[in-house]
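Inside the fold
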Amino acid sequence: MMNGKSADEELLDMFGKEFTKSANDALNEKAECPDMLTETIEAAYQVAGVGYEYGTQWGKKVGCMYGSTTEDILTGLSIHNKGWRSIVYAPDPPAFLGDAPTGGPASMTQQKRWATGLLVILLSKNCPLFGLLLANLQFRQCLGYFTILSWGLRSVPDLCYAALPAYSIITNSHFLPKIKLAHTCSSGGSMQTTITIALYTFFSWTRLFTPSTAQNVLFMEGQGPASYILIAVLLIYTLYTLSEYFRTGQFIRAWWNNQRMGRIISLSAWLFGFLGVILKLLGISKTVFEVTRKDQSNSSDEGTEAGKFTFDQSPVFVPPTAMLLVQLTALVTALLGLQPPARDGVGSGSLETMCSVLLVLCLWPFLKGLYRSGKYGIPVSTLSKSAGLALVFYTLCRY
């Protein structure tokens, strides 16, 4: 007896009458499969009808947790909070295969939904910190969940990092150290320059520091052997991430594509997911489940058309397009010598230009979308909005 109810009544309230016997057999480590195919089909119809869920604990304590756009993460977190352990099971051949979106609009919709749902979990009573302090969630599990749930928050520092090189070029200021020739002729100035730009790239890629903190770290005078620690971290991070791709039979191109898409997604889908959660917390809007549209391919999309980035009129493409226009404007400003006089006598240099060029390479699909047409080209409405934002940014930088 539990809470004044028998075990059968508890199972009935928990699973419903359709699955009481199955739940009882599972708890008693019994496995009975129906002998007749008709019985299996009837059971499948019952599961698809979801009528068995009414008046039970399905979606609350049993099965996948409801009320979230990322129900898989919420379900796993709920299971780990109860002290259960999980394993990675990868049978050969694979037991489950999914159909991932390949086009730009479908990918952005999916990533936005994920970022929104994950951030809602982070800011709710299901936060992993509560599971660590009040439930049975382990410390390493808590760190893992925090890494995933904070996807939407990463868009803010990424946006700052992306705008910083263009701002420095347009205002003729610098955020990276200027290496004196008298000091570097005997100590390898070109190597130190390479290390400086690599470190800033690493900070922006991994989001270890905010832009101002990264700048202070790179400006440290007389750091001596301390700089080798940062260099070692950079090399270890790069080699480790590359080794992950090599172990799965992939190459550097796949690594670079994923690194590039990480920047694009952060400036678009994750940013809109973050803004959506803020509006929800302010009571201005509600979270809406957006179904990912599956791409319809045909024979004309095969061959040379396969793998091309596609666009639509969704506002999610405005921020990365605007950032591309800002970087191009900054590079043209430097090329034509339209920069104002440097305020401290030391203006922007080659390092800031290299950072801006790197961002243009990351936004390469959007650069090609400027002159393409159809679904492979950026719509005029998106270009107009992006150009307006770029003009505002340029005006604020100059005045």
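Residues numbered from 1 in each chain as written. Predicted model: local features only at pLDDT ≥ 70, side-chain atom pairs only at ≥ 80, totals over all residues. Heavy atoms only, no water.

**Brief notes about the overall build of the chain**
A tally of regular secondary structure across the chain gives 18 helices and 0 strands. At a minimum sequence separation of 6, the contacts of the chain that also span at least 24 residues come to 77%. Carbon and sulfur atoms provide 63% of the accessible area of the chain, an area that totals close to 24300 Å². (Helix = DSSP H or I, 4+ residues; strand = E, 2+ residues; numbered from the N terminus. Contact = heavy atoms within 4.5 Å. Areas by Shrake-Rupley, 256 points an atom, 1.4 Å probe, with all protein chains shown as cover.)

**Focus on helix α8 (residues 155–171)**
Taking 1.5 Å of rise per residue, the 17 residues of α8 would be expected to cover 24 Å, and the 24 Å separating its terminal C-alpha atoms lies within 8% of that figure. At Leu164, α8 shows its largest kink, close to 30°, and the proline Pro165 lies no more than four residues downstream. Within α8, the full set of buried residues consists of Ser155, Asp158, Tyr161, Ala162, Ala163, Leu164, Pro165, Ala166, Ser168, Ile169, Ile170 and Thr171. (Expected span 1.5 Å × (residues − 1). Bend = angle between axes of the 7 residues up to and from the residue. Buried < 20%, exposed > 50% of the residue type's maximum accessible area, 1.4 Å probe, protein only.)

**Some thoughts on the side chain of Ser386**
With respect to the element layout, Ser386 can be found in helix α18 (residues 380–398). A residue is classified by how much of its surface remains accessible, and Ser386, at 0% relative accessible area, is buried. Residues within four places of Ser386 in sequence aside, it is in contact with Val318, Thr321, Ala322 and Leu325.

**Things to note about the nonpolar core**
Ranked by internal contacts, the top residues of the largest apolar core, which has 21 residues, are Met108, Phe317 and Phe366. For this core, the leading source of residues is helix α13 (residues 252–267), giving 3 residues. Not counting chain neighbours up to four residues away, the residues in contact with Met108 comprise Ile264, Ile265, Ser268, Ala269, Phe309, Val316 and Phe317. With 15 residues, the next largest nonpolar core counts Ile73, Leu118, Phe274 and Val277 among its residues. (Core = buried A, V, L, I, M, F, W, Y, C linked by side-chain atoms within 4.5 Å.)

**Thoughts on the environment of Ala330**
Mapped onto the elements, Ala330 comes out in helix α15 (residues 318–335). Here Ala330 is in contact with Ala166, Ile169 and Ile170, once residues within four sequence places are set aside.

**Quick notes on the pattern of salt bridges**
Evaluation of the coordinates by the stated rule reveals 1 salt bridge. In this structure, the salt-bridge partner of Arg263 is Asp158, at a minimum N-O distance of 4.0 Å. Of this pair, Arg263 sits in helix α13 while Asp158 sits in helix α8, and the two are 105 residues apart along the sequence. Arg263 gets classed as buried once you look at its relative accessible area, which sits at 11%. (Salt bridge = Lys/Arg side-chain N within 4 Å of Asp/Glu carboxyl O.)

**With respect to the packing of aromatic side chains**
By the definition in use, this model includes 7 aromatic pairs. Geometrically, the ring pair formed by Phe309 and Phe317 is edge-to-face, given 6.3 Å between the ring centres and 90° between the ring planes. Residue classification places Phe309 among the buried residues on the basis of a relative accessible area of 14%. Put simply, the rings of Phe309, Phe311, Phe317 and Phe366 pair up and form one aromatic cluster. (Phe/Tyr/Trp six-rings, centres within 6.5 Å; stacked < 30°, edge-to-face > 60°.)

**Observations regarding the packing of helix α5 (residues 104–122) against helix α14 (residues 269–281)**
The axes of two packed helices give the description: the angle between them and the distance between them. Two elements in contact, α5 and α14, have axes whose closest approach is 8 Å; the angle formed by their N-to-C orientations is 40°. As the angle between them shows, α5 and α14 are arranged oblique. Here α5 and α14 pass one another in a crossing that is right-handed. Where α5 approaches α14, its residues Met108, Gln111, Lys112, Ala115, Thr116, Leu119 and Val120 are matched on the opposing element by Ala269, Trp270, Phe272, Gly273, Phe274, Val277 and Lys280. Here the contact of α5 with α14 is composed, by residue class, of 9 nonpolar, 3 polar and 2 charged. (Axes fitted to C-alpha atoms, helices over the stretch in contact; angles between N-to-C directions. Parallel < 35°, antiparallel > 145°, perpendicular 65-115°, else oblique. Left-handed = near helix turned anticlockwise from the far one by under 90°. Nonpolar A, V, L, I, M, F, W, Y, C, P; charged D, E, K, R; others polar.)

**Some points on the packing of α13 against helix α16 (residues 350–362)**
Running from amino to carboxyl end, α13 crosses α16 at an angle of 100°, the nearest separation of the two axes being 9 Å. By the criterion of interaxial angle, the relationship of α13 to α16 is roughly perpendicular. Along its contact with α13, which presents Trp256, Arg260, Arg263 and Ile264, the element α16 presents Leu358, Leu361 and Cys362. A per-class count over the contact of α13 with α16 returns 5 nonpolar, no polar and 2 charged.

**Notes on α13**
Here α13 is 16 residues long and its end C-alpha atoms lie 23 Å apart, about the 22 Å a rise of 1.5 Å per residue gives. Taken together, the buried positions of α13 are occupied by Trp255, Gln259, Arg260, Gly262, Arg263, Ile264, Ile265, Ser266 and Leu267.

**Structural notes on the confidence of the model for the chain**
Overall, the prediction assigns the chain a mean pLDDT of 79, with 75% of residues at 70 or greater. When mean pLDDT is compared element by element in the chain, α15 scores highest at 94, while helix α9 (residues 181–184) scores lowest at 40. Counting interchain partners and residues more than four positions distant, the pLDDT-below-50 stretch residues 179–188 has 8 contacts. Predicted confidence for residues 219–224 stays below pLDDT 50, and this span has 5 contacts to residues more than four positions away or in other chains. (pLDDT = per-residue confidence, 0-100.)

**Remarks on the environment of Val120**
For Val120, the location among the structural elements is in helix α5. It is 9.3 Å that separates the C-alpha atoms of Val120 and Leu281, two residues lying 161 residues apart in sequence.

**Here's the deal with a nonpolar patch on the surface**
On the surface, Leu123, Ile278, Leu279, Leu281, Leu282 and Ile284 cluster together to form a nonpolar patch covering roughly 580 Å² of accessible area. Structurally, Leu279 is set in helix α14. (Patch = residues over 30% accessible without salt bridge, like charges linked within 9 Å, V, L, I, M, F, W, Y side chains within 5 Å.)

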